[in-house]
Amino acid sequence: MRRSAAPSQRLGNSAKKPRFIPPGKNNTICLKKENEQLVPEIKLTEVDEKQQSGSGHIRAHSRICGININSTRAVESLGEISSMEKCNGEKECEAAGMKKVNRTKADPVHVPIPEIARHKKEEDEPDCLAKYFSVVWCKASKKKHKKWEGDAVLIAKGKSVILKDMEGKDIGRGTGYKSKDLESLDEGQMLMIGGKEIEVMGIISAEDFNSGKCFQTDVGTSTTVPTASSQSTLKPFCSPFKNVCKPSNKENLLKESQNYKPRHDPNASNSLVMPRPTPDHQRMFNKAGLPVVDVVVDPYLVNHLRPHQKEGIVFLYECVMGMRLSGRFGAILADEMGLGKTLQCISLVWTLLRQGLYGCKPIIKQALIVTPGSLVKNWKKEFQKWLGSERIKVFTVDQDNKVEEFINSPLHSVLIISYEMLLRTLDQIQTIEFNLLICDEGHRLKNSSIKTTTALVSLSCERRIILTGTPIQNDLQEFYALIEFVNPGILGSLSTYRKIYEEPIIRFREPSATKEEKELGEKRAAELTRLTGLFILRRTQEIINEFLPPKKESILFCRPTALQLELYRKLLSSRVIRSCLQGVLENSPHLICIGALKKLCNHPCLLFKAIKEKECNPTCDESEESHLYEGLRDIFPQDYTSTTFTETDSGKLQVLAKLLAAISELRPSERIVLVSNYTQTLNILQEMCKHYGYSYTRLDGHTPISQRQQIVDSFNNKFRSAFIFLLSSKAGGVGLNLVGASHLILYDIDWNPATDIQAMARVWRDGQKHTVHIYRLLTTGSIEEKIYQRQISKQGLSGAVVDLSKTSEHIRFSTEELKNLFILHEDSSCVTHDLLECNCMGKKDHQNPQDPFIS
Ligand SMILES: Nc1ncnc2c1ncn2[C@@H]1O[C@H](COP(=O)(O)OP(=O)(O)OP(=O)(O)O)[C@@H](O)[C@H]1O
Ligand SMILES: [Mg+2]
């Protein structure tokens, strides 16, 4: 097609602005995609997760890739003219009737029609079907040889045209053309639009326009070199295969030929053999013509791998080898927590370090793993767990082990470093040539301008893997940043992405969206899903349930004490809460009120402490918080102090004391993880442990990172273990393995179900041998029950689409919702049970998944 002969300026342009690179054809791995909704469910008493075959809080579904919107409806080719926003590229072009001319090589002339332009809006022609064309454009001139500026997309509808650049921005508009001329517009024809001249290169189907595909550049199949666009956003491109395919002379080849055999037997039963390269891949990356050898994952590892992990390893292998996408070597493994992302990566690293598909030359020499500080040692341990200490030497950077040692060590091929340490040692890290980069808990790279991201981007390593258990599709901009990190340029520039995907998708979600906008948004979302799904893999926890021991979840509704009730009533009658309910919500005083009620639910002494602190800080006397506390001090006994707490003051603490006593008596060999979101509450729980003589250990935000793994290890070691592990869910949550415990108690509840799920997954995960018991403590009739109900209904609505970073500050409450939150149900023994409309009087076990809760 003529397009390939498009003028050189086009390339110049495209080098500046990264364009779309559509995915290659070589998607050998067959991955399931399901889009079922999650079903909310409540369990009042014991619920056996296994018996319910996947129902429950952690219930979720296998799913791949980023965006949750799916298009099922076919889109008619109405285009977007009627819903088109104002031209925001160059100045809106004056309507200009231009004559289209059948261009011959000899006479590339275009004659303006001497007709007065009519300013007629596209909306005047709602019934016409839009037609779409790929075009090249340049400034209007009479020169024979045009200086084409670049590609564009032309939308013709009725008597009007719109010209969009490849970033989706309007760069020209015109009206007053003859409808029949526009209808018969065809390849090779030319048209004037304002001061621009265009030549039609081809017709675009409505399907391709609606999906946004037409804004992607032409590329070959999956195994071509990185394009100009991909290089433009990267460091100078160095082929990821350059270490491998050094051409060797013929004699050497001959000598080595007898060694060209797979490291492990590909025909052995249970062998995991990586897909063979396509001829294109070989042409590109095997210039020396070395024999193609099967890459077979070490059977030592394969014997331990779960089916989804084998699938994940193949997927990662294809991504980093550039087999799934043309010239792209990045991947995002977004499996839910506990699915063994670490093991999948270790298997990949080990395979790539020792094997090569072309002449057996190792695919990588050195790998860099960047992880939160608390997980550095855990990574090392996992390497040892799965590969032993003889096979591979991994180097972890800390105060005593400096990067220089790694640089000087021929023994080590894997460097594990925390994000913080990476920033501190960036200069040295930059001098090392890594061939694979793995970023654990990589959702922190969701902002491309933060230091960590720019530091990592500065490393000239193209094979980049992000690991994250957190769904990443909530925020389309953050989603873009993560994708841009692993596969730079694949979604074009940020402004292109916004125009082509984000804006139509956001618009489509709005209730006021027109039919056309909905169809367009749906199509764009589907295309984004398809494109990103080629290098994002997400499986949910359900996939692993069958390998885990049963999980029983209990919700313990605890009656508040008389002191709690009196304080609660007083708080609700305060001026601050009343003004919240009247909708006067400046400075978010409702958050302070919610905080005070939650403290009270945990233990009145926490509220007492807050009151005292306010009293000692007269400068804040006029604050909302001070007003909220007015009169509360008098309700506490005269001799009350915040340090001499007793468990009789808190309903939940009373229940907890009984629960701990029961476990220690009935299951003395089993251990407990006790979780709170608040350090101060953990202090109280710690006092309680001391009081009853329970051995305990503790991990919270203040625990030095260097000590964390040691604390975890000794807890998981049954010979050295404490009975109770006090855990701050926010500080220690992600990534920790606490399988030494089989009981987990959530002392308080978070707005974000993901925080609690994260905590639960520390115990109910691979490696757990016992039935796991999860207990959630809620103060009856209080705000805690409300949060729980909200948690369930929101979880049901949004499925796994929750983001750990969302806290109550991010939640918007309507006045109605606040009214509901700020009610104390004193006459109910369990509001949640009342909502079930069950008349069992609390005698029935609500473990039937069919039980209705919040519909
Ligand atoms: N195939 C397996 N067999 C037995 N144990 C396994 C297997 N795969 C992983 N594990 C264990 O499961 C636990 C969880 O794995 P890992 O920490 O890699 O999960 P993750 O996907 O990174 O989760 P998170 O998002 O919480 O970090 C680890 O203790 C790991 O050793
Ligand atoms: Mg992990």
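Summarised in this report is the structure supplied together with it. Bear in mind the structure is a predicted one, so any value in this text is a computation, not a measurement.

The next thing to look at is the overall build of the protein chain. Each helix and strand in the protein chain was counted, giving 31 helices and 21 strands. Looking at the 855 residues of the protein chain, the share that counts as buried comes to 57%. For the protein chain, the proportion of contacts with a sequence separation of at least 24, taken over those separated by at least 6, is 77%. For the protein chain, the accessible area works out to roughly 36200 Å², and carbon and sulfur atoms hold 52% of it.

Okay, the side chain of Thr779 next. Tracing the backbone through its elements, the reader meets Thr779 in strand 21 (residues 772–779). When sequence neighbours within four positions are dropped, the list of residues in contact with Thr779 reads Cys558, Pro560, Cys601, Lys652, Glu784 and Glu785.

Evaluation of the coordinates by the stated rule reveals 25 salt bridges. With a closest N to O distance of 3.1 Å, Glu517 and Arg507 form a salt bridge. In this pair, Glu517 sits in helix 17 (residues 515–532) while Arg507 sits in helix 16 (residues 494–509), placing the two residues 10 residues apart along the sequence. One salt bridge connects Arg776 with Asp756, and the closest N-O pair in it is separated by 3.1 Å. With a gap of 20 residues between them, Arg776 in strand 21 and Asp756 in helix 28 (residues 753–761) connect regions that are remote in the sequence. Taken individually, Arg776 and Asp756 each receive the classification buried, so the pair is uniform in this respect. Three or more residues joined by partner-sharing salt bridges are found here, namely Lys164, Asp170 and Arg173.

Among the five residues of strand 17 (residues 672–676), five are classified as buried, and the element is accordingly described as predominantly covered. Burial along strand 17 is two-sided: Ile672, Leu674 and Ser676 facing one way and Val673 and Val675 facing the other are all buried. With five bridges connecting them, strand 17 and strand 19 (residues 724–728) associate as parallel partners. Paired with Ile672 across the strands is Ile724, a residue of strand 19. In the sheet, strand 17 pairs with strand 20 (residues 743–746) via four bridges, with the strands oriented parallel. Counted as the bridge partner of Val675 is Leu746 from strand 20.

Let's shift gears to the packing of aromatic side chains. For the coordinates displayed, the defined rule picks out 14 aromatic pairs. Aromatic rings pair up to connect Tyr132, Phe209 and Phe215 into one cluster. In this structure, Arg464 packs its charged tip against the face of Phe485, placed 4.9 Å from the ring centre.

A positive phi angle is found at Asn270, which is not glycine, with a value near 70°. Mapped onto the secondary structure, Asn270 falls in the loop between helix 5 (250–257) and helix 6 (279–285). We classify Asn270 as partly exposed; its relative accessible area is 45%. Positioned with a positive phi, Cys360 is a non-glycine residue whose angle comes to about 65°. With respect to the secondary-structure elements, Cys360 resides in the loop between helix 9 (341–354) and strand 10 (367–371). Relative accessible area serves as the criterion here: at 23%, Cys360 is assigned to the partly exposed category.

This brings us to the environment of Ser573. Residue position: Ser573 is located in the loop between helix 19 (562–572) and helix 20 (575–581). Its relative accessible area of 42% is what places Ser573 among the partly exposed residues. Residues Ser573 and Leu628 lie 55 residues apart in sequence; the distance between their C-alpha atoms is 9.3 Å.

This part takes up the nonpolar core. With 109 residues, the main nonpolar core has Tyr317, Leu368, Trp379, Phe383, Leu436 and Leu456 as its most contacted residues. In terms of residue count, the dominant contributor to this core is helix 9 (eight residues). Inspection of this core shows a minimum of three residues originating in each of domain 1 (81–204) and domain 2 (224–490). Those residues within four positions of Leu456 in sequence are excluded, and the remaining contacts are Val370, Tyr419, Leu422, Leu437, Cys439, Leu445, Arg464 and Phe485. Formed by 61 residues, the second largest nonpolar core is a distinct cluster that contains Ile577, Ile672, Ile749 and Phe822.

What counts and what doesn't
- Residues numbered from 1 in each chain as written.
- Chains lettered and ligands numbered in written order.
- Predicted model: local features only at pLDDT ≥ 70, side-chain atom pairs only at ≥ 80, totals over all residues.
- Heavy atoms only, no water.
- Helix = DSSP H or I, 4+ residues; strand = E, 2+ residues; numbered from the N terminus.
- Buried < 20%, exposed > 50% of the residue type's maximum accessible area, 1.4 Å probe, protein only.
- Contact = heavy atoms within 4.5 Å.
- Areas by Shrake-Rupley, 256 points an atom, 1.4 Å probe, with all protein chains shown as cover.
- Salt bridge = Lys/Arg side-chain N within 4 Å of Asp/Glu carboxyl O.
- Pairing = 2+ DSSP bridges.
- Phe/Tyr/Trp six-rings, centres within 6.5 Å; stacked < 30°, edge-to-face > 60°.
- Lys NZ or Arg CZ within 6 Å of the ring centre and 35° of its normal.
- Core = buried A, V, L, I, M, F, W, Y, C linked by side-chain atoms within 4.5 Å.
- Domains from an automatic or database assignment.

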